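Remarks on the overall topology
Next come the chains, spelled out residue by residue.
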Amino acid sequence: MKNKPFFLTAFITLIFTNNIMNAQKKDYLDKTKSIEERVNLLLKQMTIEEKVGQMNQYNGFWEVTGPAPKGGNAELKYQHLRNGWVGSMLSVRGAKEVKAVQKIAVEETRLGIPLIIGFDVIHGYKTLSPIPLAEAASWDLEAIKKSAQVAADEASASGINWTFGPNVDISNDARWGRVMEGAGEDPYLGSKIAIARITGFQGDNKSDLAKTNTIAACAKHFAAYGFAESGRDYNTVDMSNSKLYNTVLPPFKAASTAGVRTFMNSFNILNGVPATGNAFLQRDILKGKWKFDGFVVSDWASVREMITHGFAKDGAEATEKAVNAGSDMDMESHLYVAELAKLVKDGKVKESLIDDAVSRILRVKFELGLFDNPYKYCDEKREKEVIGSKANNEAVLDMAKKSIVLLKNKKDLLPLKKSGQKIVLIGALANDKNSPLGSWRIASDDNTAVSVLEGMRQYKGNKLIFEKGADLTVGNTSFTAELVFNTTDKSGFEKAKKAATNADVVVMVLGEHGFQSGEGRSRTNLDLPGVQQELLEEIYKVNSNIVLVLNNGRPLALPWATEHVPAIVEAWHLGTQTGNAVAQVLYGDYNPSGKLPMSFPRNVGQVPIYYNNYNTGRPINSDKNVFWSHYTDVEKTPLFPFGFGLSYTTFDYKNLKINKAVFAKEESVVVSVDVTNSGNYNGKEVVQLYLHDEVASLARPVKELKGFELVDLKKGETKTVTFTLTEKELGFYDNEGNYLVEPGAFKIMVGGSSEKGLESSFEIK
Ligand code: BGC
């Protein structure tokens, strides 16, 4: 056969060319290659539009938190998905639903790059843990890690492979509603908790991310969002470098070092520059100094909001500034997809920056194993088995008990006796199955928490009577709507008073509604909303044997209750297992061991109030006149300090020792103390070590937490607790961000709260 027929030659050539193209195209799927090689092979094949597509993130089914972006409709989004112009979606959930959108990305686009699916898994997915601030009160890093593991387990079974958590924003302003999402006011505790949460979500090692039950984490909101002026959400942040380096950045740095795969920037401006367009934060510090190799996602429409801030004149300029500043992915501004390719063609954004951003995003997708199996999180069988499992409920119950803080316990009211008592339970929140679920519970069903009433009914030895007293809210409550409180209807007061009159103990569940804290929920009052304070005082008149159980997402200022009510239990919003946790603590089946992660003020005028403040030049009233740093109408100390929390037992501290008196800079300072359980119950104590650098080139806080240990002590038992302080604990950042350990005198204090403890000192040569 001399000449092959033309059609045959053409056919063979076609197959051959196609094979070469396919071979080229799919080489990034070769698992034997390293992730970096695979990223580069794929990047080489991408058009500028496809690259920009990877940097575009769309919300799924509903506009969760932000105003709906202009022109953003499902139809357009799905078209963009088909064009390969979407790299990520958020808030699509459910194995089946995620599979459906993933299928479009993988099977209908030219390169078939899988989506990364983000979701706000903030305190659990469907089986809810306590709100993060409550978890922080446990100071139990293992339990917090476990709680994040449970959340990752459920979320990943529902198609999700990336959580927008943990929130590592330090804040000392209880007016700010989002303190419920963080770990409180302290950067040391905040850093430890950040690491616990990240390793809980992602696993301990980098390779764990490829497992099916782990998800990528996200340290947010970078940066300084917790310092919004007057505690008003989204407000301006103006801050010194010293505060930025020493208070705000440490938990983010710890997150980066722990290998968190993503960061989210924040809505606020920082010293005039929006965080989203802030090259100092994102390029110099995060990607520069810290060498972070994951990616940065914007906050919801925060790229577009730079126009409203007055930092960009239009969408094109906002895009240019955001990308140049290091924001790799645009959440719901719809701007990168519209503007970025042209900006590159016009030379306003270098293609090398796009390549860097896309590489970061692809890297995380490869690490998750999405290219090897895009549907790995979409197993409906696993979804059914995992979500809401008995084991997960047990884990969140354990976390809930550990999060409770006993604030006051006089008259031996607690623990409650298990039989022969008449207990009257009062308060709308006591019979609420919705509020305890807290604010971020998008994947959970309403009214699925165990209420306090249900929890207490498990204890059948007593006579339990419930009286609502008064409604807390009026009308519907939801994640998006402003709450309306009952400020007038007191018609249930009399019945409640009547029931309370002859009770042995009155348990009152009062506080904030679960939707009262969280995003967009700033307050100027830190009191009990509605008619609750009045109800409390009315009941007190007929029976003062009150155990006040607080539900709240932030520190409250309750001076009257603190003075009058004999027992106070801080029970936050504890999630799905709330009622069981509260009942077990009230009845002494669990001895509370939580300690406050934020100072509780006496009144809102003291805010911001925090334990690691500065001395001022006039800290005490030495001259007995008004010219010292104080208030004329209220003490300057908090109502309950950071680190404070009681137990049903008592702990004694003795024999504080430091291994030497004088140290060289690089030597370790070893501190030990004996802690004895001197009471009548087995219990746990959080032993805390605080440091004060007495004289430095920048004034240092009066005390700073530099170590803690949760110790389990049987009654009568003594344990020696040892802390080792190294350069890491002894230094601070100057205003240029340099870390310094300066010679001189240091004081330490070791005890059960930031307020008092045993003291000693040492010197660094
Ligand atoms: C919040 C983020 C959240 C995002 C996505 C924003 O409004 O500030 O914390 O992750 O919405 O829901």
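For every chain, the first residue of the written sequence is number 1, and numbering continues from 1 onward in sequence order. Under the rules for a predicted model, residues below a pLDDT of 70 receive no local features and side-chain atom pairs below 80 are neither given nor counted, while totals for whole chains, interfaces and linings still include all residues. Side-chain numbers come from the whole structure's heavy atoms, not from hydrogens or water.

Further remarks concern the site of the ligand. Neighbouring residues of the ligand: 13 residues in total, closest Asp-120, Arg-178, Lys-220, His-221 and Asp-299. In the shell around the ligand, the residues fall into six nonpolar, two polar and five charged. Neighbouring residues are identified by heavy atoms, a residue being near a molecule or strand if any of them is within 4 Å of it. Asp, Glu, Lys and Arg are counted as charged, while Ala, Val, Leu, Ile, Met, Phe, Trp, Tyr, Cys and Pro are counted as nonpolar; the rest, among them Gly, fall into the polar class.

Any two rings among Phe, Tyr and Trp, with Trp reduced to its six-membered ring, count as a pair given centres within 6.5 Å; such a pair is stacked if its planes are under 30 degrees apart, edge-to-face if over 60, and tilted if neither. Scanning all chains against the criterion turns up 29 aromatic pairs. Taking the centre distance of 5.0 Å and the plane angle of 65° together, the rings of Phe-222 and Phe-252 count as edge-to-face. Of this pair, Phe-222 sits in strand β5 (residues 218-222) while Phe-252 sits in helix α9 (residues 241-257), and the two are 30 residues apart along the sequence. Taking the centre distance of 5.6 Å and the plane angle of 85° together, the rings of Phe-663 and Phe-762 count as edge-to-face. Taken together, the residues Phe-663 in strand β18 (residues 662-663) and Phe-762 in strand β26 (residues 758-764) connect sequence positions 99 residues apart. Note on accessibility: Phe-663 and Phe-762 belong to one class, buried. Taken together, the ring pairs connect Trp-139, Tyr-188, Tyr-611, Phe-642, Tyr-690 and Phe-708 into an aromatic cluster. Note on geometry: a ring has a charge over it if NZ (lysine) or CZ (arginine) is within 6 Å of the ring centre and within 35 degrees of the ring normal. The lysine or arginine in question, Lys-99, covers the ring of Tyr-375, its NZ or CZ lying 5.5 Å from the ring centre. The numbering of helices and of strands both runs from the N terminus, where a helix is a DSSP run of H or I of at least 4 residues and a strand a run of E of at least 2. When a residue's accessible area, from a 1.4 Å probe over protein chains only, is under 20% of the maximum for its type it is buried; when over 50% it is exposed; and in between it is partly exposed.

Looking now at the pattern of salt bridges. By definition here, a salt bridge exists when the distance from a side-chain nitrogen of Lys or Arg to a carboxyl oxygen of Asp or Glu is within 4 Å. In total, this model carries 46 salt bridges according to the counting rule given. With a closest N to O distance of 2.8 Å, Lys-51 and Asp-355 form a salt bridge. Of this pair, Lys-51 sits in helix α3 (residues 48-54) while Asp-355 is found in helix α14 (residues 351-368), placing the two residues 304 residues apart along the sequence. Relative accessible area serves as the criterion here: at 6%, Lys-51 is assigned to the buried category. Classification of Asp-355 as partly exposed rests on a relative accessible area of 22%. Between Lys-206 and Glu-367 there is a salt bridge; the shortest N-O distance is 3.7 Å. Of this pair, Lys-206 sits in the loop between α8 (187-202) and β5 while Glu-367 sits in helix α14, and the two are 161 residues apart along the sequence.

With that out of the way, let us pick up helix α4 (residues 74-83). By the burial criterion, the buried members of α4 are Lys-77, His-80 and Leu-81. With its buried residues spanning 105° around the axis, α4 presents them on a single face. A contact between two residues is defined here by any heavy atoms of the two lying within 4.5 Å. Against the buried residues of α4 lie β1 (56-59), β2 (88-90), α5 (95-108) and α13 (336-345). At the C-terminal side of α4, Gly-84 shows a positive phi close to 80°. This arc is taken over the directions from the axis of the helix to the C-beta atoms.

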